[in-house]
Amino acid sequence: MNNVVTQKKVFLETYGCQMNEYDSELVRSILKKENYEFVTDEFKADIVMLNTCAIREHAHRKVYGRVHNIRNARGEDSPVMIGILGCMATNLRQELLEDRSLKIDFIAGPDSYKRLPQLINEAFDEGQKSYDITLSEFETYSDIYPSGEDRDKHETKSRVNAWIAVMRGCNNFCTFCVVPYTRGRERSRSPENVVEEVRRLAGEGYKQITLLGQNVNSYRYDDYDFAYLMDEVSKVDGIERIRFSSPHPKDFPDRFLDLMAENPKICKHIHLPLQAGNNRILDMMNRTYTNEEFLMLADKIKKKIPGVALSTDIIVGFPTETDNEFDDTLEVVKKVEFNVAFMFKYSERQGTIATKKYPDDVAPAIKTERITRLIELQREITYKKNKELVGSIQTVLLEPYPEAKNTNQMPGRTDGNVLVILPLGDYKGGDLIQVNITDATPHALKAMPIKNTCNFLPTPAFKG
Ligand code: 5AD
Ligand code: SF4
């Protein structure tokens, strides 16, 4: 399509979740085949693309702000083209195209990236605004291998973790959530196709694979379920650890928990989004489980997988939530003792059932007060859980050395995904080493390697 002479330069900025990071790599791969060049300086770009996220609060305000900022910085006469990709594209197409002050040139939803070269050409050659936000029941991008160079860039040259999208979309329609509208229905890649990508990644030196999906444990391809997929991925030589994100509590059959318990490559960490601890609110959220069922599941997981780490997502101030109902959430948090929690104040998302049916009637000050109490409680629990590990021996996968920080410390992760800080030594990102946990902070663990590989560098920055 494009020839070498007119090679266009693209600056791509990514917002939001890991799936968006992954999608940006797909976009790079698709456009590089068409001879586009990716640049890191937005001022050198002919095309600026924003891969947007609709899940965060004020998402559209941020994107509008960013687009105005690019237009201002480049000047009125600049021919730079601006494209919007991702979840906001689907949600706000009409607004984006009609708002003349925004001057968006093209829009591509999460299932339309293969059409990007065509959309860009239409915008360039015919000067028309082009868009494709069609959501597909089939598109899984299984024929596109994400751009390796960019994976390297993200991993700062050290190949440790690679993400793979194994399913896309969500059929759950939790009432607060925009994902089913922006990313469409659930669909999965074949196990062979996923395993083939894992083999390539193992060949490139990656040690850890994180399987991604909006509802990853609902993975299903013909008769193959998520347990089958995890087991197959774990058989790939060279891959030491497997993680997954993000699951729904409804899809944890015993078969899957037993596999997690038995298979040493599958990390003993489950993200188990609670969202709320009160049954009336859970029902209004359409979460499909009760407080009691959630607690039973958490108990079963702990019994089947000793030492398992649990993390969660919680929303405070869902419409009509009372103080007493919020207390139910605090109670669940106390009982389960999640290692980590991601906590959010409820806010409306365009197009969701909650936005249509329930006025956002919990006062901002009450939401703030609730989230403050929750954060404080969770901080104590996280610290307690971290302290419980002091004196234990843990296997740690070392992360890439953070070159920009120029520190004498090396970060790594336990099997349960807790951050561990080690002194520099004869090891590098991607190594799996045994350590003694020597101390804990509310956010991390400190450790010493068990083998005598420690290489002290007595510079002022060293904090041991
Ligand atoms: N308001 C607040 N938090 C939300 N989340 C999703 N939608 C909303 C919303 N409308 C949170 C949920 C989800 C996480 C990714 O974002 O907790 O699990
Ligand atoms: Fe959103 Fe997750 Fe619920 Fe799907 S399961 S609607 S992605 S919160």
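Residues numbered from 1 in each chain as written. Chains lettered and ligands numbered in written order. Predicted model: local features only at pLDDT ≥ 70, side-chain atom pairs only at ≥ 80, totals over all residues. Heavy atoms only, no water.

(A) Representation of unusual backbone geometry. Note that the residue after Ser245, namely Ser246, is joined by a cis bond; omega there is -5°. Relative to the helices and strands, Ser246 resides in the loop between strand S13 (241-245) and helix H10 (254-262). The phi torsion at Asn35 lies on the positive side, around 75°, for a residue other than glycine. Structurally, the position occupied by Asn35 is in the loop between helix H1 (18-33) and strand S2 (37-38). Look at Asp222: it is not a glycine, yet its phi comes out positive at around 50°. Checked against the element boundaries, Asp222 lands in the loop between strand S11 (220-221) and strand S12 (224-225). (Helix = DSSP H or I, 4+ residues; strand = E, 2+ residues; numbered from the N terminus.)

(B) Broad picture of the site of ligand 2. Around ligand 2, a shell composed of Cys170, Asn172, Phe173, Cys174, Phe176, Cys177, Val179, Pro180, Gln214, His248 and Arg287 is seen. By residue class, the composition of the shell around ligand 2 is 7 nonpolar, 3 polar and 1 charged. (Near = heavy atom within 4 Å. Nonpolar A, V, L, I, M, F, W, Y, C, P; charged D, E, K, R; others polar.)

(C) Main features of the pairing of strand S21 (residues 445-449). Going residue by residue along S21, you find Leu445, Ala447 and Pro449 tucked away on one face and Lys446 and Met448 left uncovered on the opposite face. Strand direction decides the pairing type here: strand S19 (residues 419-423) and S21, joined by 2 bridges, are parallel. Bridging from a neighbouring strand, Ile421 pairs with Lys446 of S21. Note: strand S20 (residues 432-440) against S21, 5 bridges, orientation antiparallel. Of the residues in S21, the one forming a bridge with Ala440 is Leu445. (Buried < 20%, exposed > 50% of the residue type's maximum accessible area, 1.4 Å probe, protein only. Pairing = 2+ DSSP bridges.)

(D) Representation of H10 in the model. When H10 is considered as a whole, its buried residues turn out to be Phe256, Leu257, Leu259 and Met260. Seen along its axis, H10 keeps its buried residues to an arc of 160°; they face one direction. The inward-facing, buried residues of H10 contact helix H9 (226-234), S13, strand S14 (269-271) and helix H12 (291-304). (Arc of directions from axis to C-beta. Contact = heavy atoms within 4.5 Å.)

(E) The arrangement of the site of ligand 1 in detail. All residues adjacent to ligand 1 are Ile55, Phe176, Gln275, Asp313, Ile315, Phe344, Lys345, Tyr346, Ser347 and Arg349. At a separation of 3.0 Å, a nitrogen atom of ligand 1 approaches a polar backbone atom of Phe176. Surface burial for ligand 1 is 89%, taken as the share of its 410 Å² of free accessible area covered by protein chains. Of all the secondary structure elements, the ones that give two or more residues to the shell around ligand 1 are strand S15 (309-316) and strand S16 (340-345). Across the shell around ligand 1, the residue classes tally to 5 nonpolar, 2 polar and 3 charged. (Polar contact = N/O pair within 3.5 Å; in protein donor to acceptor, adjacent residues only side chain to side chain. Areas by Shrake-Rupley, 256 points an atom, 1.4 Å probe, with all protein chains shown as cover.)

(F) Region of the structure containing the pattern of salt bridges. A complete count under the given rule lists 28 salt bridges for this structure. A salt bridge links Arg183 to Asp23; the nearest nitrogen and oxygen atoms lie 3.2 Å apart. A residue pair is termed long-range when its members are at least 10 positions apart, and Arg183 in helix H7 (residues 179-183) and Asp23 in helix H1 qualify at 160 residues. Since its relative accessible area comes to 4%, Arg183 is described here as buried. Its salt-bridge partner being Lys114, residue Glu139 comes within 3.1 Å of it at the nearest N-O pair. Pair noted here: Glu139 is in the loop between strand S6 (130-132) and helix H6 (148-154) and Lys114 is in the loop between strand S5 (106-108) and helix H5 (116-125), with a separation of 25 residues, a long-range link. Residue Lys114 is classed as partly exposed on the basis of its relative accessible area, which comes to 35%. (Salt bridge = Lys/Arg side-chain N within 4 Å of Asp/Glu carboxyl O.)

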